[in-house]
Amino acid sequence: MTAIGAQAQRLLAHRRPQKSFFETLIRSLIILCVAIAVVLSSISVCDGRWLFARGQLFGLWHFCTVSNGSILKCVTDLSLAKVEGLSMGVIPVRSMVSFAVVVAIFGLELLMVSQVCEDANARRKWSMGSVLILASFLLSAAGVLSFSILVKDHLTFTGFTLTYWCEFIAAFLFFLNGISGLHINSLTHPRNRVGKI
């Protein structure tokens, strides 16, 4: 047997068994939904205007007022909003939601690489990607909740802007897909049980 033939046989021996159509479909849908959540969260963080109340627009990066002529006047000094703790409290909110996007991108990359590269570590990469997606959920949900607490005196259900709901939906998708990713991995690759002594 030639050296090339021996290497090919070693590579084939380490490959995972072929996945079923439904497993591939479900994993592809999880990757697609995570990608959508990353896009929604990115749009929400970049725009950052999350609450409109009483002619004022509160956001992560700007505070805006609407004058009688419907002209939007925005400033980056959030202390002008005269909301206690907003100017300092929004700093960790920005950090959490921005870091959630970064972590989700790395998680999405691991999910995709685990499907493209069929090696012995594909299952581990998928699990790590799913854990990173769950970490993104925690960061994103903490940011959304913290912002809501900071502006609690101005909250109305209809006052939340579209970008706020984008972040809310992204957090929900991060949770669903992180849990689903871990679950499908445990269903298709059950852990090796320790034999009886």
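Everything in this summary refers to the structure shown in the same document.

1. A few points about the state of the cysteines
Note on terminology: disulfide describes a covalent bond linking the sulfur atoms of two cysteines.
In step 1: All told, the structure shown has one disulfide when counted by the stated rule.
In step 2: With a sulfur-sulfur separation of 2.0 Å, Cys64 is cross-linked through a disulfide to Cys74. Its S-S torsion of about 105° marks the bond between Cys64 and Cys74 as right-handed, since a negative value means left-handed. Placement of Cys64 in strand β3 (residues 63–66) and of Cys74 in strand β4 (residues 72–75) is noted, with a sequence separation of 10 residues between them.
In step 3: The exposure class assigned to Cys64 is buried, which follows from its relative accessible area of 1%.
In step 4: When its relative accessible area of 33% is taken as the criterion, Cys74 is described as partly exposed.

2. Quick look at the packing of aromatic side chains
In step 1: As enumerated under the stated definition, the model contains nine aromatic pairs in all.
In step 2: For the ring pair Trp50 and Tyr164, a centre distance of 5.7 Å and an interplane angle of 80° mean the geometry is edge-to-face. Taken as a pair, Trp50 in strand β1 (residues 49–53) and Tyr164 in helix α5 (residues 162–188) lie far apart in primary sequence, 114 residues in all.
In step 3: On the basis of relative accessibility, which here comes to 6%, the residue Tyr164 falls in the buried class.

3. Some thoughts on the pairing of β1
In step 1: Of the pairings in the sheet, the one linking β1 to strand β2 (residues 56–59) comprises four bridges and is antiparallel in character. Its bridge partner lying in β2, Arg49 is registered against Gly59.
In step 2: Linking two consecutive strands that pair antiparallel, namely β1 and β2, is a turn of two residues; a positive phi of about 55° is found at Arg54 within it.

Conventions we followed
- Residues numbered from 1 in each chain as written.
- Predicted model: local features only at pLDDT ≥ 70, side-chain atom pairs only at ≥ 80, totals over all residues.
- Heavy atoms only, no water.
- Disulfide = S-S within 2.5 Å.
- Helix = DSSP H or I, 4+ residues; strand = E, 2+ residues; numbered from the N terminus.
- Buried < 20%, exposed > 50% of the residue type's maximum accessible area, 1.4 Å probe, protein only.
- Phe/Tyr/Trp six-rings, centres within 6.5 Å; stacked < 30°, edge-to-face > 60°.
- Pairing = 2+ DSSP bridges.

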